[in-house]
Amino acid sequence: MTEHEQTGLADDASAETATEGGTNDNRQPDRGTPIRAETVDAALDALHGEGMAGYSYAYLDEHTKREVRRATLKAIAIPGHQVPYASRPMPLARGWGTGGIQVSLSVLGPDDTFKVIDQGTDGSVNAANIRRLAEETANVSTTTDTTEADVIQTRHRIPEEVLCDDQLLVLQVPVTDPLRKVDPSDAANRKRHAHRNYGKMWVHLYENVVEWGEINIGASYPTMVAGRYLMSPSPIPRWDTPKLDDADHLSIFAAGREARIYAVPPNTRVKPLAFEDRQFTVERFPDRACHLCGSEDTFLVELSETRDGSDGRFETCYVCNDTSFCEKRHSDPDRPKDHHLDREGVDWGPGTPDVPRTTADDAASERGESG
Amino acid sequence: MGYVAAVAGEELIQRAEALFEKQRVAGDSDDLTLEQLDDQLGRLTSQVMSEAGLYAPRLAALAVKQAQGDTVEAAFLLRAYRSTLERFDETRPTLTSEMLACRRVSPSFKDVPGGQILGPTKDYTQRLLDFTLADSETVDPTAGWELEEAGEPEPLTNVMELLREEGLVAAPENPAADERREPVDTTREPLTHPVSRDAVLQELARGETGAVTALGYSALRGYGQVHPTLAEVRVGKLPVRIEHPYTGEEVTMTHTEVTESEAVVPLYAKRDDPQFAFGYGLTFGRNERKAIGMTVLDASIQVNSTEEPAENAEFVLDTVDGMDSFGFIEHLKLPHYVTFQSILDRIRSIRERKEAAAEPTTDQPGGGDETDADKVETDRGRSIEASQGAPEGSNGD
């Protein structure tokens, strides 16, 4: 549409500094985006640009995009800190990625390539729905190839392929505060964050160990960011959590319903909470390989299906959760996760070695095969 | 291979949409017109407008039609549309004492200035199904009424004002002139706690009718101290006024129908000068239930305690919004393969540990194999029972 509409993060940074001196700027009523035109007809014509008829470029009005970008910049400046923003009603239901799509639409420009994954796959209905909203309103091209995307919006996975410093990962967040499980009050938890008072969380983990012998948190494992803020990495599996540590890419976490944005900038320390004698462990897939591509170093999900000759009996098998990478491995089984980088051996994936094999693990794998 | 339950593209989504739309048109009946919805199902469009925070009867009728009568979905359509609109101006504040009421009841006084106006209500109707409505021609039951010329309608005296003049009811906070600020707009500013009363009122006014009613009821049911006496409930029209952009004069653009409710609460606000506390409710359209529920919640939140759900602003505002609760409740239908795999790993790990601990050593003297096997089974059963509190699930993703 116009140059003004395509401002990126950098432009907004200067815009923010410019208005910072103004007093009570944010109390001014929102008068919308002025359109410069000689006549009313010209002004109305100017409203129609690329994208969906009758709507702004990238759906959101420019005020909203600016606000989201400002919140995002603040979040990057204070890694792990939850920044409130006035989340707008989107044409998607809240809880279905409305925070993620607000960030994505605020940073996407027409030259960008956009990838959307939902629980590891580009093919899910909700991912397709979010993708087509961006396609229709922001004129972006889309891809399922992780290495080709400029912006990746994701629900609860970090792709298997290593992300680079020119890529932006937008993670959808259902529950913003890891302390919610120990106290439902955000007001109380905000104070805890301010004082870096995470005692209640430590006690919770300790009680876990006492009751179950280990920490029984599945996804959205609480992590410390840059040694300062406790953060929920969103419900990504523990498998993906170490990928946030000292990453090359920028991760932005966005919640629409809870109206918060937070971020992990590149090369930031991200450390899961754990005890010296109860280490952080990732999901185990002992002796498992992807049923389709044979990968043993990817996050697998299990499914039950009937196979030829099984007389209609259901059998459990495992497949890669990242369907895009699984396809690549299918044609090239030895392709490393950093195949697209200049350097090799990038540490990406499970951050801790598998827990030492025990007899219990053996028993489990036997049971899995027979059942 | 069907391991992605929903492999999809645009076509699949469009087909699902088409099937949904087909449900609406599958019958042989005529298409509902927006006029029919607006005229005949006014309660429905009122509810949608109030939950959307947008007064637009025709758009509300369209939303109701498109959502096939699902009020939350319809309010959602309106809100999503509203959020894309340019804001041209802001209206001047209106005193609700200007209201031209078609209905006004005061449960606190038998005789109130201006009198009780029963107006259109079902309150005292026997709830019997009227089978004549099923197939009869529409008749206007008031057609034969002989009406006198009533003259110009007069605004009614506000009952709450009378009580305030007597010093019986605490006044709302009225900050000094230099501390006054523009009201918060929670659609444009993020809500953080502690929250100001104007933000509370805005959120309650946009709250889901069922949620406002249920939470208000919870206070009356005993989970709270507030049991108000309504000063009055009024239904009527209020003018929408703006400053003319060229002349600068105040002009009335249109009117909105609203329901207003005010209550006194027998909680004495001050010890040295005992006064009743109060509550206030206002919704778009005719929706007395929601307005009264809002009144109870406003009064309860002013008590400001964490003892009772309705008195805890955070609890009420976190749960009262239809769009939030609807979206998050229904998102549970989305795939959760990853988070579920993650938690499967945890419960298996814990179960394996327990099983390993329970397993007898093979060269244990005495005891037949069968007995040991039984024991393991029993322990396993126990460990399943014991895991009722765990694992932590997928943490509400």
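This one's a predicted model, so the numbers in the text were calculated from it and none came from an experiment. (Residues numbered from 1 in each chain as written. Chains lettered and ligands numbered in written order. Predicted model: local features only at pLDDT ≥ 70, side-chain atom pairs only at ≥ 80, totals over all residues. Heavy atoms only, no water.)

Visitor: I would appreciate a short explanation of the overall build of chain A in the present structure.
Guide: Check the secondary structure of chain A and you find nine helices and 12 strands. Counting across all 371 residues of chain A, residues that qualify as buried make up 55%. For chain A, restricting intrachain contacts to residue pairs at least 6 apart in sequence, the fraction spanning at least 24 positions comes to 64%. Of the accessible surface of chain A, which amounts to about 16000 Å², a share of 48% is contributed by carbon and sulfur atoms. (Helix = DSSP H or I, 4+ residues; strand = E, 2+ residues; numbered from the N terminus. Buried < 20%, exposed > 50% of the residue type's maximum accessible area, 1.4 Å probe, protein only. Contact = heavy atoms within 4.5 Å. Areas by Shrake-Rupley, 256 points an atom, 1.4 Å probe, with all protein chains shown as cover.)

Visitor: So what exactly am I meant to see when it comes to the overall build of chain B here?
Guide: Across its full length, chain B carries 14 helices and four strands. Scored against the burial criterion, the 397 residues of chain B give a buried share of 39%. On chain B, roughly 23700 Å² of surface is accessible, and the fraction owed to carbon and sulfur atoms is 53%.

Visitor: I tried to follow the interface of chain A and chain B on my own but got confused; where do I start?
Guide: Reports often express the size of an interface as the amount of accessible area lost when the parts come together. Of the residues lining the interface, 83 residues belong to chain A; the matching set on chain B comes to 68 residues. Counting the surface lost from both chain A and chain B, the interface buries some 6300 Å², and carbon and sulfur atoms represent 54% of this. Put simply, chain A and chain B have eight salt bridges between them. In this structure, the salt-bridge partner of Asp-345 of chain B is Arg-284 of chain A, at a minimum N-O distance of 3.0 Å. Summed over the shared surface of chain A and chain B, the result is 26 residue pairs in polar contact (both at pLDDT 80 or more). Every element with two or more residues in the side of chain A that touches chain B is listed here: helix H5 (125-138), helix H6 (186-194), helix H7 (199-212), strand S11 (300-306), strand S12 (314-320) and helix H9 (359-370) of chain A. Top element by residues in the side of chain A that touches chain B is H5 of chain A. It accounts for six residues. By residue class, the composition of the side of chain A that touches chain B is 36 nonpolar, 21 polar and 26 charged. (Buried area = accessible area lost by both parts, 1.4 Å probe. Salt bridge = Lys/Arg side-chain N within 4 Å of Asp/Glu carboxyl O. Polar contact = N/O pair within 3.5 Å; in protein donor to acceptor, adjacent residues only side chain to side chain. Nonpolar A, V, L, I, M, F, W, Y, C, P; charged D, E, K, R; others polar.)

Visitor: Which parts of the structure should I look at to understand the pairing of strand S4 (residues 151-155) of chain A?
Guide: Side-chain direction in a regular strand flips from residue to residue, so the side chains alternate between the two faces of the sheet. Residues and elements named next belong to chain A. Most of S4 is tucked away, with five of its five residues classed as buried. The two faces of S4 match: Val-151, Gln-153 and Arg-155 on one face and Ile-152 and Thr-154 on the other face are all buried. The pairing of strand S2 (residues 113-118) with S4 spans five bridges and is classified as parallel. Note that in S4 the partner of Val-116 across the bridge is Gln-153. Two elements, S4 and strand S5 (residues 168-172), share four bridges in a ladder whose sense is parallel. Of the residues in S5, the one forming a bridge with Thr-154 is Leu-171. (Pairing = 2+ DSSP bridges.)

Visitor: In this structure, what is going on with the sheet that holds strand S4 (residues 276-284) of chain B? I would like to understand it.
Guide: To summarise the sheet geometry, strands pair through backbone hydrogen bonds and adopt either a parallel or an antiparallel arrangement. All names here are of chain B. Read from one edge of the open sheet, four strands run S1-S2-S3-S4, paired in antiparallel fashion. The open sheet is flanked by strand S1 (100-105) and S4, the only strands paired with a single partner. The average undirected angle you get between the axes of adjacent strands in this sheet is 25 degrees. When S1 meets strand S2 (residues 229-243), the two strands line up antiparallel, connected through five bridges. (Axes fitted to C-alpha atoms, helices over the stretch in contact; angles between N-to-C directions.)

Visitor: Mind showing me how you'd approach the nonpolar core here?
Guide: Buried together is how nonpolar side chains tend to be arranged in soluble globular proteins. Counting residues in each nonpolar core, the largest one holds 33 residues, and the members touching the most others are Leu-105 and Ile-261 of chain A. Counting only elements with at least two residues in this core, the list comes to helix H3 (62-77), helix H4 (98-107), S2, H5, S5, strand S8 (250-255) and strand S9 (260-264) of chain A. With residues near it in sequence (within four places) discarded, Leu-105 of chain A still touches Ala-58, Tyr-59, Leu-60, Lys-65, Met-90, Leu-133, Ala-134, Thr-137 and Ala-138 of chain A. Counting residues in hydrophobic clusters, the runner-up holds 29 residues, among them Leu-205, Ile-217 and Val-319 of chain A together with Val-338 of chain B. (Core = buried A, V, L, I, M, F, W, Y, C linked by side-chain atoms within 4.5 Å.)

Visitor: Explanation requested: the packing of aromatic side chains in the structure shown.
Guide: The geometry of an aromatic ring pair comes down to the distance between the two centres and the angle between the two planes. Residue and element names in this part refer to chain A. What the rule picks out here adds up to nine aromatic pairs over all chains. For the pair Trp-239 and Phe-299, a centre-to-centre distance of 6.1 Å together with 65 degrees between the ring planes defines the contact as edge-to-face. With Trp-239 in the loop between strand S7 (229-231) and S8 and Phe-299 in the loop between strand S10 (270-272) and S11, this residue pair connects regions lying 60 residues apart in the sequence. For the pair formed by Trp-239 and Phe-299, the shared burial category is buried. Grouped by ring-pair contacts, the aromatic residues Trp-239, Phe-285, Phe-299 and Tyr-318 constitute a single cluster. We note Arg-228 situated over the ring of Tyr-229; from NZ or CZ to the ring centre the distance is 4.3 Å. (Phe/Tyr/Trp six-rings, centres within 6.5 Å; stacked < 30°, edge-to-face > 60°. Lys NZ or Arg CZ within 6 Å of the ring centre and 35° of its normal.)

Visitor: I'm lost on the side chain of Asp-322 of chain A in this one. Help?
Guide: Residue and element names in this part refer to chain A. Secondary-structure assignment places Asp-322 in the loop between S12 and helix H8 (323-331). Buried charge without a partner: Asp-322 forms no salt bridge, and the closest opposite charge is Lys-115, 5.1 Å away. From its side chain, Asp-322 meets the backbone nitrogen of Ser-324 in a polar contact 3.2 Å long. Apart from the residues lying within four places of it in its own chain, the contact partners of Asp-322 are Gly-120, Arg-157, Pro-159 and Glu-160. (Lys, Arg positive; Asp, Glu negative; His and termini not counted.)

Visitor: What am I meant to see in a nonpolar patch on the surface here?
Guide: A contiguous nonpolar patch, built from Leu-59, Leu-62, Tyr-81 and Leu-85 of chain B and spanning about 310 Å² of accessible area, is present on the exposed surface. With respect to the helices, strands and loops of the structure, Tyr-81 of chain B is situated in helix H5 (residues 71-82). (Patch = residues over 30% accessible without salt bridge, like charges linked within 9 Å, V, L, I, M, F, W, Y side chains within 5 Å.)

Visitor: Quick question: what am I supposed to make of the packing of H3 of chain A against H4 of chain A here?
Guide: Geometry of a packed helix pair, given as the angle between the helix axes and the separation of the axes. Residue and element names in this part refer to chain A. Put simply, H3 and H4 touch, their axes get as near as 9 Å, and they point 105 degrees apart. When the axis of H3 is compared with that of H4, the two are roughly perpendicular. On H4, the residues that touch Lys-65, Val-68, Arg-69 and Thr-72 of H3 are Gln-102, Val-103, Leu-105 and Ser-106. Looking at the contact of H3 with H4 residue by residue, the class counts come to three nonpolar, three polar and two charged. (Parallel < 35°, antiparallel > 145°, perpendicular 65-115°, else oblique.)

Visitor: Where do I start with H6 of chain A in this structure?
Guide: An α-helical turn contains 3.6 residues, so a residue and the one three or four places further along point in the same direction. All of the buried residues along H6 of chain A are Asp-186, Asn-189, Arg-192 and His-193 of chain A. The buried residues of H6 of chain A occupy an angular sector of 110 degrees when the element is viewed end-on, so they sit on one face. Opposite its buried face, H6 of chain A presents the exposed residues Lys-191 and Ala-194 of chain A, each directed more than 90 degrees away. Looking at the buried positions of H6 of chain A, the neighbouring elements they touch are H7 and S7 of chain A together with helix H11 (313-319) of chain B. (Arc of directions from axis to C-beta.)

Visitor: Would you explain the pattern of salt bridges in this entry?
Guide: Pairing between side chains of opposite charge can happen when their charged atoms approach one another. The tally for this structure, following the rule as stated, stands at 47 salt bridges over all chains. A salt bridge links Asp-324 of chain B to Arg-94 of chain A, with the nearest nitrogen and oxygen atoms 2.9 Å apart. Highlighted residues: Asp-324 of chain B in helix H12 (residues 322-330) and Arg-94 of chain A in the loop between strand S1 (83-84) and H4, drawn from two different chains. According to the relative accessible area criterion, Asp-324 of chain B is buried, its value standing at 14%. Arg-335 of chain A is the partner of Asp-332 of chain A in a salt bridge, and the nearest nitrogen-oxygen pair spans 3.4 Å. On the basis of relative accessibility, which here comes to 23%, the residue Arg-335 of chain A falls in the partly exposed class. Three or more residues are tied together by salt bridges with common partners; here these are Glu-214, Arg-238, Glu-283 and Arg-284 of chain A together with Asp-345, Arg-346, Glu-352 and Arg-353 of chain B.

Visitor: Would you mind showing me how to read the confidence of the model for chain B here?
Guide: The predicted coordinates should not be examined in detail at positions where pLDDT is low. Residue and element names in this part refer to chain B. Overall, the predicted model of chain B reaches an average pLDDT of 85, with 88% of residues at or above 70. Looking across chain B, the model is least confident in helix H14 (residues 369-386), with a mean pLDDT of 40, and most confident in helix H9 (residues 209-220), with 97. Between residues 1-7, whose pLDDT stays under 50, and residues either more than four places distant or in other chains, the model counts 19 contacts. Below pLDDT 50 for its whole length, residues 364-397 participates in 43 contacts with residues either more than four positions away or in separate chains. (pLDDT = per-residue confidence, 0-100.)

Visitor: Looking at this structure, how should I read the sheet that holds strand S6 (residues 223-225) of chain A?
Guide: Residues and elements named next belong to chain A. Taken in spatial order, the three strands line up as S7-S6-S10 in an open sheet, and their pairing is antiparallel. Where the open sheet ends on each side, the last strands, each with one partner, are S7 and S10. Neighbour to neighbour, the strand axes of the sheet diverge by 35 degrees on average, direction disregarded. Summarising the sheet, S6 and S7 pair through three bridges and their orientation is antiparallel. Each bridged residue has a counterpart across the sheet, and for Val-225 the counterpart in S7 is Tyr-229.

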